[in-house]
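# Descriptive analysis of the structure
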Amino acid sequence: MNISANSIAAADSNIVRIAGDAERLCQSIAPLSDVRPGVLTFIGSKATADIISVAHLTGATAVCTEDVAAMIGPEREATLLIATNARLVFMRAARTFFAPEDPAAGVHPSAVVASDAIVDPTAYVGPGVFVGAGSRIGANAIIHPNVVIYDRVIIGARVIVNAGTVIGADGFGYERNEAGELEKFPHLGGVVIEDDVEIGSNTSIDRGTLGNTVIRQRARIDNQVHIAHNVVVGEDAAVIAQSMVGGSVAIGPRAWLAPASVVMNQVRVGADSTVGLGAVVVKAVPDGQTVMGSPAVSDAEFKANRRALKALLEA
């Protein structure tokens, strides 16, 4: 790859100006710790002058903010792509110019696809994948190796499912009978994954009991996440590693569930809300609110409780 700094800037309106040689070529991409001539790198807004001073920026191109550019100075002989959101610009440049190509469309010979399943001819289905009866995989979807897609699962266009994930298995639904034994609730629903969703590796998304479990468009589900039956994950929401989302939970658009968070059955997590790291949500989270702790409370209440506890311990 040989892409000029000027070409990178032309592709993203978040770049407000170029400092240095606009025709400098970028042959590769690397972190600041491994920067060298011909490399495109990123310098975050939290970088200190000491960190920047030891970076070998001569001959490199760096995406940064105005504040960081002022710390670098022209004497470093680097090209600076100065942006309003430097991390976003760098991420886009990495994806557009340096990321490997998607796998070619087609079904790998070792995949098992039910006779009545429908796989769009532009989709990729990798080695060891299983696609059950009545399931559909949409245009330009990418199903990585050893994914299991049970019966009656609908996967939309441009969905990415990473290795080892299981979609459409029965959820955990039981009722004790007269003898105290657990009788299973039949899971007759399916799973609907809308367009442009990305799902990590070794994640489980259960089918619905009567209706469907639904992952709305552009949602992001991380690695090792459990999504129980009848859950609805809203548009552009993010559910991050090792989170557990209980049955019939509704997660609003653009909500953010931090790693190892737990949401109890039938709870609503509002739009634009944030569930903190390791939080245990047992009641509804209003739109736009951040909750923390176990049981989860608003961030203001959580911090007040911590201050009160600290004062009590120090008394």
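Residues numbered from 1 in each chain as written. Predicted model: local features only at pLDDT ≥ 70, side-chain atom pairs only at ≥ 80, totals over all residues. Heavy atoms only, no water.

### A look at the overall build of the chain
Scanning the chain from terminus to terminus reveals 5 helices and 37 strands. Looking at the chain as a whole, 43% of its 315 residues qualify as buried. (Helix = DSSP H or I, 4+ residues; strand = E, 2+ residues; numbered from the N terminus. Buried < 20%, exposed > 50% of the residue type's maximum accessible area, 1.4 Å probe, protein only.)

### Quick look at the side chain of threonine 65
Here threonine 65 shows up in the loop between β6 (61-64) and α3 (66-72). Ignoring anything within four residues of it in the chain, the contact list for threonine 65 reads Ile82, Ala83 and Ala86. (Contact = heavy atoms within 4.5 Å.)

### Quick look at the sheet that holds strand β8 (residues 106-107)
Ordered in space as β8-β11-β14-β17-β22-β25-β28-β31-β34-β36-β37, the 11 strands form an open sheet in which the pairing is mixed. Both outer strands of the open sheet, β8 and β37 (297-298), are each paired with one neighbouring strand and no more. Note: strand β31 (residues 256-257) against strand β34 (residues 274-275), 2 bridges, orientation parallel. Across the sheet, residue tryptophan 256 finds its bridge partner in β34, namely threonine 274. (Pairing = 2+ DSSP bridges.)

### Structural notes on the sheet that holds β6
Strand order in the open sheet formed by 5 strands is β2-β7-β6-β5-β4, and the pairing between neighbours is mixed. On the outer flanks of this sheet lie β2 (15-19) and β4 (28-29), each paired with one strand and no other. For strand β5 (residues 39-42) and β6, the ladder comprises 3 bridges, and the chain directions are parallel. Bridging from a neighbouring strand, leucine 40 pairs with threonine 61 of β6. Helix α4 (residues 86-98) rests against β2, β4, β5, β6 and β7 (79-83) of the sheet, and its axis sits at about 145 degrees to β5. (Axes fitted to C-alpha atoms, helices over the stretch in contact; angles between N-to-C directions.)

### Comments concerning the side chain of serine 298
Inspection of the secondary structure assignment puts serine 298 in strand β37. Judged by its relative accessible area of 19%, serine 298 is buried. Once residues within four sequence positions are removed from consideration, serine 298 is found in contact with Gln289, Thr290 and Val291.

### Focus on the pairing of β5
Note that β4 and β5 share 2 bridges and pair parallel. In the sheet register, isoleucine 29 faces β5, and the bridge partner there is leucine 40.

The values are spatial; any link to function lies outside them.
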